[in-house]
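# Architecture at a glance
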Amino acid sequence: MLSWIIFIPLIGGTVILFLPKENKNLIRGVALATSLLDLALCVPLYTGFNAAQAGFQFVENRPWISALGSSYHLGIDGISFWLILLTAFLGPLCILGSWEAIQKRVKEFHFSFLFLQTGMLGVFCSLDLVLFYVFWEVMLVPMYLLIGVWGGPRRIYAAVKFFIYTMVGSMLMLVAILWLYFNTGDAGSRTFDLLQILQMGKPALQAQMWLFAAFALAFAIKVPMFPFHTWLPDAHVEAPTAGSVILAGVLLKMGTYGFLRFAMPLFPDAALKFAPLICILAIIGIIYGALVSMVQPDMKKLVAYSSVSHLGFVMLGMFALNQQGVSGSIYQMLNHGVSTGALFFLVGVVYDRRHTRMIADYGGLFRVMPKYTTVFIIIALSSIGLPGLNGFVGEFLILLGTFKSNWIYAAFAATGVIFAAVYMLWMIQRVFYGKLDKEENKTLTDLTLREKVVLYPLVVMAVVMGIFPQIFLGKMDVAVQTFLQTMVVSR
Amino acid sequence: MEHTTLISTESAILFLIPAFPLLGMLLNGLLGKRQKEATAGILASGMMFLSFLVSVTVFFQLLGMPAGNRSLTQTLYTWMAVGDFSINVSFLIDPLSAVMILVVTGVGFLIHVYSIGYMKGDRDVVRYFTYLNLFAFFMLILVMADNYLLSFVGWEGVGLCSYLLIGFWYEDMEKAIAGKKAFVVNRIGDFGFMLAMFLMFATFGSLDFKTVFAQAAGSPVGTTAITAITLLLFLGATGKSAQLPLYVWLPDAMAGPTPVSALIHAATMVTAGVYMVARSNILYSLAPVSLGVVAGIGAATALFAATIGLAQYDIKKVLAYSTVSQLGYMFLACGVGAFGAGIFHLMTHAFFKALLFLGSGSVIHAMHHYYHQTGSHQDPQDMRNMGGLKKYLPTTYWTFAIATLAIAGIPGFSGFFSKDEILWKSFESGKLIIWAIGALAAGLTAFYMFRAVYLTFHGEFRSGNGHDHPHESPKVMTVPLIILAVLSVIGGWVGIPHVLGGGNQIEAWFEPVFAPARQLAAAAELGGEPGSGVELSVMLISIVVALTGIGIAYLFYRSKPEIPARVVAKAGALHTLVYNKYYVDEIYEAGVVSPIQKTSDFFLWRFFDVKIVDGLVNGVANWTAAIATKVRKVQTGYVSNYALIMAAGVVIIVAWLVW
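Each value, and the rule that gives it
Sequence order as written defines the numbering, with residues in each chain counted from 1. Each chain is given a letter, starting from A, and each ligand a number, starting from 1, according to the order in which they appear as written. Whole-chain, interface and lining totals are the exception, using all residues; otherwise, since this is a predicted model, local features are given only for residues with pLDDT of at least 70 and side-chain atom pairs are given and counted only at 80 or more. Computation of side-chain values covers all heavy atoms of the structure but excludes hydrogens and water. Contacts: residue pairs with any heavy atoms within 4.5 Å of one another. For any pair of parts, buried area is found by adding up, for both, the accessible area (1.4 Å probe) each one loses once the two are put together. Between N or O atoms, a polar contact is any pair within 3.5 Å; within protein, one atom must be a potential hydrogen donor and the other a potential acceptor, and residues adjacent in sequence are included only when both atoms are from side chains. Here the rule is simple: two strands pair whenever DSSP picks up at least two bridges between them. Here a strand is any run of E in DSSP of at least two residues, a helix any run of H or I of at least four, and the numbering for each starts at the N terminus. Patches draw on residues past 30% relative accessible area with no salt bridge. Two like charges within 9 Å are joined, as are two nonpolar side chains (Val, Leu, Ile, Met, Phe, Trp, Tyr) within 5 Å. Here the Shrake-Rupley method, with its probe set to 1.4 Å, supplies the accessible areas, and only the displayed protein chains count as covering residues. The rule for a salt bridge is simple: a side-chain nitrogen of Lys or Arg has to be within 4 Å of a carboxyl oxygen of Asp or Glu. Only protein chains enter the accessibility calculation, which uses a 1.4 Å probe. A residue is then buried if its area is under 20% of the maximum for its type, exposed if over 50%, and partly exposed in between. Think of a nonpolar core as a cluster: buried Ala, Val, Leu, Ile, Met, Phe, Trp, Tyr and Cys residues, connected wherever their side-chain atoms sit within 4.5 Å. Confidence of the predictor at the level of single residues is given by pLDDT, which spans 0 to 100. Per the annotation, domain bounds derive from an automatic or database assignment of domains. Polar here means any residue outside two lists: the nonpolar Ala, Val, Leu, Ile, Met, Phe, Trp, Tyr, Cys and Pro, and the charged Asp, Glu, Lys and Arg; Gly therefore counts as polar. Here a Phe, Tyr or Trp ring, Trp counted by its six-membered ring, pairs with any other such ring whose centre lies within 6.5 Å, and the pair is stacked when the planes are under 30 degrees apart, edge-to-face when over 60, and tilted otherwise. Given a helix with a known number of residues, its expected span is that number minus one, times 1.5 Å. The rule is simple: put a 1 Å grid over the protein atoms alone, call a set of points where a 1.4 Å probe fits but cannot get out a cavity, call an open set with protein on both sides within 12 Å along at least five of seven lines a pocket, and count a residue as lining if it has an atom within 4 Å of a point. Grid points are joined across faces, edges and corners, and a volume is the space filled by probe spheres set on the points.

Right, let's get into the interface of chain B and chain A. Interfaces are often sized by the amount of accessible area the parts lose when they come together. Taken together, the contact between chain B and chain A spans 59 residues of the former and 73 residues of the latter. Carbon and sulfur atoms supply 75% of the area buried between chain B and chain A, which totals about 6,200 Å² over both sides. Of all residues in chain B, Tyr170, Arg187 and Phe198 of chain B give up the largest surface area on contact with chain A, accounting jointly for 11% of the area buried on that side. Where chain B meets chain A, there are 18 residue pairs in polar contact (both at pLDDT 80 or more).

Shown next, in the form of structure tokens:
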């Protein structure tokens with residue numbers, strides 16, 4: 001089951017490689033069908049998932065590189081479950097969203113994109129460190145290509161920067177994985193299997209510190225946490241819309257997911273020791289991201305910096321190490337996928353029409369694009385955590401949990417809520433309000449049917465997740481408890 | 001203290017009260033441009049009327065129950081349940097929220113109807129009614145919630161609607177800015193509200209009113225936690241209810257359509273802070289420090305805003321500062337422990353202030369059409385352009401005058417009873433300074449309101465051209481004015497004090513809600529009961545003060561109109577200071593807004609992010625690249641290099657492992 005979900009995009013991508021490159025719509029159609037099929041497969045995943053069951057479900061465990069004690073071990077719990085659904089949900093929307101924007105090398109684009117899907121889904125399912133690492137690294141290439149080939153004018157710079165940053169982190173993580181392999185168990189029982197390593201007991205504190213640092217750096221860059229965030233604005237600004245959406249929507253979560261799944265359970269004592277540092281960096285990220293976001297003249301950069309702020313919340317909640325904080329943190333990952341994903345789509349909508357992302361080039365769009373404006377405002381509000389929409393649930397639970405563990409952290413982090421209102425509403429004011437005084441904007445058309453099909457599901461998600469969060473929270477409860485037990489035992 | 005077990009009754013119809021406006025919002029919102037202008041207003045108003053009917057039903061159901069058990073609840077579903085934290089979407093109607101829903105749906109309905117006339121011809125009428133219904137929905141959630149978090153949903157939701165409606169005419173950038181300002185300033189308050197909830201959960205393990213209040217009742221007076229919770233909640237209230245130092249958004253909020261000012265920025269939303277403080281009366285009674293702060297801020301705001309009101313010429317600005325001032329009164333009442341009096345004033349104020357705003361809307365509407373007709377471009381809100389409107393807008397004039405008498409505190413009118421109740425309670429509590437400030441502000445109120453009436457309706461019409469004149473508004477607007485005028489008179493009769501031979505029914509009505517707080521206050525013992533003679537004397541003083549204010553206004557603007565100019569000349573700098581609202585906006589801009597923005601832009605972003613962090617990264621990258629180039633001398637482009645390195649690395653590692 002999981003294997004199908006992971007590899008269907010790759011299979012579809014391979015099929016695309018054999019299609020005639022002139023027939024762009026056929027390529028797009030096949031890509032869309034593939035991603036929809038993948039999403040359809042999530043239905044049995046959803047119905048078959050048992051929220052009450054602890055441990056991993058839909059497990060597949062086959063020998064892989066037996067010589068190394070590495071196996072093809074897949075499985076999901078209440079944490080990865082939702083991230084897989086999120087990835088599969090955003091897939092078709094991205095393909096549909098790029099329908100007209102991508103005109104060159106259509107075939108390669110869709111192959112890269114589907115390949116990327118496989119990599120991301122693999123990361124969320126892997127329970128073997130080598131397998132995880134392979135998926136983690138494999139993803140880099142298509143993402144690099146998406147930015148570097150279909151990106152904006154400074155795409156090469158942005159792509160290289162993305163690559164360097166991520167590689168630095170990955171290399172250290174690889175070293176840590178290898179160290180772990182050689183230092184847990186005897187020569188005969190060495191393994192890369194996450195669950196077995198967890199059972200073998202944790203390394204000594206000193207070693208844990210180094211290992212955690214190596215893993216954490218890799219993940220922190222991906223998140224990205226302050227001060228490792230500067231690749232993000234560039235990558236986002238240059239990436240094509242679908243790239244930005246998937247980058248913000250899913251890729252960043254691999255960092256936060258990495259903390260939850262690997263870095264923290266494997267090295268719990270070190271995680272506790274590092275917690276204050278990470279929390280403080282997270283808070284700086286929340287405030288700093290929001291303040292810098294506020295002064296951006298470029299819409300995409302603004303959204304990119306707001307991601308730094310939002311992901312700061314995710315990190316903070318995770319390290320609150322209580323049920324509310326961690327659940328809120330996971331919830332915020334999903335929210336961010338929906339809201340920020342939608343925001344990038346929205347910026348793409350006007351970019352496709354006007355080929356500029358500068359806030360100053362717009363103004364008064366409410367008049368000509370009322371539907372677009374309404375969707376934009378709803379999504380912006382969800383992003384800044386208006387109660388009733390999804391963002392609030394995550395932020396509230398995170399802050400509630402954080403307050404329980406350290407009220408000063410919560411008080412500082414909560415100021416981010418104020419600044420968020422400033423940057424979002426200020427952008428809305430400058431883009432949509434005022435007189436429609438620029439000649440080029442007077443002929444702008446409102447959302448097309450295709451754009452509606454992309455955006456409306458996201459709006460519906462934002463509302464449903466805000467009003468009925470229990471649908472989602474209920475399914476992650478047990479996994480969060482398991483995670484906390486692993487962490488608490490070491491306390 | 002004695003503990004009475006309150007028996008709540010389940011009710012299956014409570015959800016209908018917010019559901020109707022929500023339905024109206026969805027229908028109008030989804031139909032959008034396909035909806036006809038005329039039907040949009042009727043649909044929205046109809047939904048409000050249905051909601052009002054259910055509210056009345058619920059009210060009578062409550063009335064038929066024994067006083068101690070007046071509590072109706074309905075639980076819809078569990079909103080969030082994570083670990084030991086759980087919150088339901090559930091409603092509570094008790095005497096306090098019952099009054100609130102009646103005000104919100106009743107006054108709300110009238111304002112919806114009035115809007116049909118006021119907004120006629122606007123191309124975005126459908127959007128207007130969509131927002132207005134959405135507002136009513138959130139406001140009802142705010143007052144009906146049985147826990148702080150759900151109430152907070154309404155709290156922020158009404159803020160959103162306020163934002164949307166202030167900037168309703170989006171092409172005017174000034175209005176957009178005013179809307180954003182309202183939202184952001186409110187968020188500062190909401191920050192306090194959120195922290196209050198976190199601390200509350202950490203202290204009591206719940207956010208449900210019932211649990212929190214029951215737990216709190218057992219704790220000693222003056223604990224740090226409860227003091228902090230109440231102060232943080234009050235920070236939220238200063239934002240939403242426009243008190244010092246966060247009042248600055250409300251005067252700007254007048255940029256919205258006038259019915260919006262009446263509904264949101266006078267009658268309902270801005271009173272949410274008062275409601276929240278009154279709702280939390282047990283907590284406040286346990287925190288004397290917080291009560292002192294509430295009373296102090298309330299009194300200071302009441303006076304401060306009243307002084308600004310003295311020197312404004314924009315009719316809506318006068319009313320805006322008046323609202324800030326009156327809200328100060330309500331907090332003053334809560335601060336001296338007279339929560340019932342605060343809510344009583346909230347209710348009467350909803351009648352007469354909504355009426356004043358709608359009246360001013362009728363005036364502006366008439367002036368606007370008059371200028372449109374005569375091709376003039378003068379400001380239809382500046383009272384200096386008005387005068388003598390009495391004969392052209394008789395209904396508007398009479399209803400406006402009634403509301404003015406009510407706000408000025410003339411005996412018999414609703415405002416007299418509620419304001420007097422507040423002043424008496426503050427006197428009785430022994431906080432004489434608070435009382436004196438309140439009485440002084442009452443005098444100023446009487447003055448600036450009569451000034452407005454004289455400038456607007458009396459004397460000569462100052463924009464006349466000899467043959468044209470403004471016309472009275474249509475029935476759809478004047479009928480709501482008349483109904484509100486009736487309420488502005490009789491609305492206070494439910495609270496006629498015993499000393500005047502009345503029954504003060506409203507005090508008894510609120511008794512079950514505020515009894516615990518009153519008992520606590522009684523336990524603290526605030527001194528002997530003053531006799532009825534004292535109460536009558538205090539009442540007399542407020543009447544004299546009010547009449548003095550009116551008298552001076554008459555002197556200044558009717559009998560000797562040359563005086564104001566002389567006063568202005570004499571007062572010079574002081575007048576400039578007051579006229580410019582003490583430059584508070586300018587101070588905030590220079591002291592807070594601008595520094596944050598400049599720091600973010602020039603330091604955090606352009607210097608720290610770009611130069612330091614990025615510079616470091618690029619430096620390392622360039623340095624590495626330089627070395628790499630020297631070492632390899634083969635430059636095939638970045639991608640393949642990195643890919644090659646990675647592939648090679650993996651091969652080496654795997655080889656090493658297999659080996």
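Here the narrative resumes, following the displayed structure.
Another point: the sheet that holds strand 2 (residues 72–82) of chain B. Read from one edge of the open sheet, three strands run 1-2-3 (chain B), paired in mixed fashion. Edge positions in the sheet fall to strand 1 (9–10) and strand 3 (85–93) of chain B, since each of these pairs with one other strand and no more.

A separate point is a nonpolar patch on the surface. Residue and element names in this part refer to chain A. Judged by side-chain polarity, Tyr46, Ile467, Phe468 and Ile471 come together as a nonpolar surface patch covering roughly 310 Å² of accessible area. Looking at the element boundaries, tyrosine 46 is found in helix 2 (residues 24–48). On the accessibility criterion, tyrosine 46 (32% relative accessible area) is partly exposed.

Our next topic: the pattern of salt bridges. Per the stated rule, a full pass over the model turns up 22 salt bridges over all chains. Taken together, the salt bridges that share partners define one network made up of Arg154, Lys161 and Asp234 of chain A.

Phe212, Phe259 and Phe319 of chain A are the most contacted members of the largest nonpolar core, which has 426 residues in total. If near-sequence neighbours (up to four positions away) are discounted, phenylalanine 212 of chain A is found in contact with Phe259, Ala263, Met264, Phe267, Ala270, Ala271, Phe274, Ile278 and Phe319 of chain A.

Residues and elements named next belong to chain B. Averaged over every residue, the pLDDT of chain B is 87; the share at 70 or more is 92%. Of all helices and strands in chain B, the one with the weakest mean pLDDT is helix 25 (residues 638–658) (54), whereas helix 11 (residues 272–279) scores best (96). Across residues 633–637, confidence stays below pLDDT 50; counting only partners more than four residues off in sequence or on other chains, it has five contacts.

Note that proline 387 of chain A resides in the loop between helix 16 (370–383) and helix 17 (390–405). Residue class for proline 387 of chain A comes out buried when judged on its relative accessible area of 1%. In this structure, the C-alpha to C-alpha distance between proline 387 of chain A and leucine 311 of chain A, residues 76 residues apart in sequence, is 19 Å. Sequence-distant contacts of proline 387 of chain A, that is, excluding residues within four places in its chain, are made with Phe392 of chain A together with Phe152, Val153 and Glu156 of chain B.

Residue and element names in this part refer to chain B. Once the domains are mapped, chain B shows domain 1 (1–75 + 92–146), domain 2 (147–579) and domain 3 (586–658). Contact with domain 1, which involves 44 residues of that partner, is made by 56 residues of domain 2. For the domain 1 and domain 2 pair, buried surface summed over both sides reaches about 4,600 Å², with 79% attributable to carbon and sulfur atoms. Looking at the side of domain 1 facing domain 2, the largest losses of area belong to Leu96, Tyr114 and Tyr118, adding up to 17% of the total buried there. Our enumeration of links across domain 1 and domain 2 arrives at two salt bridges. As a salt-bridge pair, aspartate 94 and arginine 279 come within 2.7 Å of each other at their nearest N and O atoms. Taken together, the connections running from domain 1 to domain 2 amount to eleven residue pairs in polar contact (both at pLDDT 80 or more). Elements supplying a minimum of two residues to the side of domain 1 that touches domain 2: helix 2 (37–63), helix 3 (95–118) and helix 4 (125–144). The dominant element in the side of domain 1 that touches domain 2, judged by the number of residues it contributes, is helix 3, at 18 residues. Here the residues of the side of domain 1 that touches domain 2 sort into 32 nonpolar, four polar and eight charged.

In this description, an aromatic ring pair is defined by two values, namely the gap between the centres and the angle between the planes. Residue and element names in this part refer to chain A. Per the counting criterion, the structure on display carries 78 aromatic pairs over all chains. Consider the rings of tyrosine 372 and phenylalanine 376, whose centres lie 5.9 Å apart with planes at 70°: the pair is edge-to-face. Residue tyrosine 372 and its partner phenylalanine 376 are both found in helix 16; the two are separated by four residues, about one turn of the helix. Residue class for phenylalanine 376 comes out buried when judged on its relative accessible area of 0%.

Moving on to helix 16 of chain A. Residues and elements named next belong to chain A. Taking 1.5 Å per residue as the helical rise, helix 16 with its 14 residues ought to reach 20 Å, and the 20 Å between its terminal C-alpha atoms agrees with that figure. Among all positions in helix 16, only Tyr372, Thr373, Val375, Phe376, Ile377, Ile379, Ala380, Leu381, Ser382 and Ser383 are buried. A positive backbone phi angle near 75° is found at glycine 385, which sits one or two residues after helix 16.

It is worth spelling out empty space enclosed by the protein at this point. Inspection of the entire model under this criterion finds seven cavities of 30 Å³ or more. In this structure, the largest cavity spans a volume of roughly 90 Å³. For the largest cavity, the full set of lining residues is Gly97, Thr241, Phe345, Gly348, Val349, Asp352, Arg450, Glu451, Val454 and Leu455 of chain A. Mapped by element, the contributors of at least two residues to the lining of the largest cavity are helix 14 (323–354) and helix 19 (449–467) of chain A. Computed from the structure, the second largest cavity encloses a volume of approximately 60 Å³. Looking at the second largest cavity, the residues that line it are Ala408, Gly409, Phe416, Lys419, Asp420, Leu423, Ala442, Ser542, Ile543 and Ala546 of chain B. Within the residue set of the lining of the second largest cavity, elements represented by two or more residues are helix 17 (414–428) and helix 21 (532–559) of chain B.

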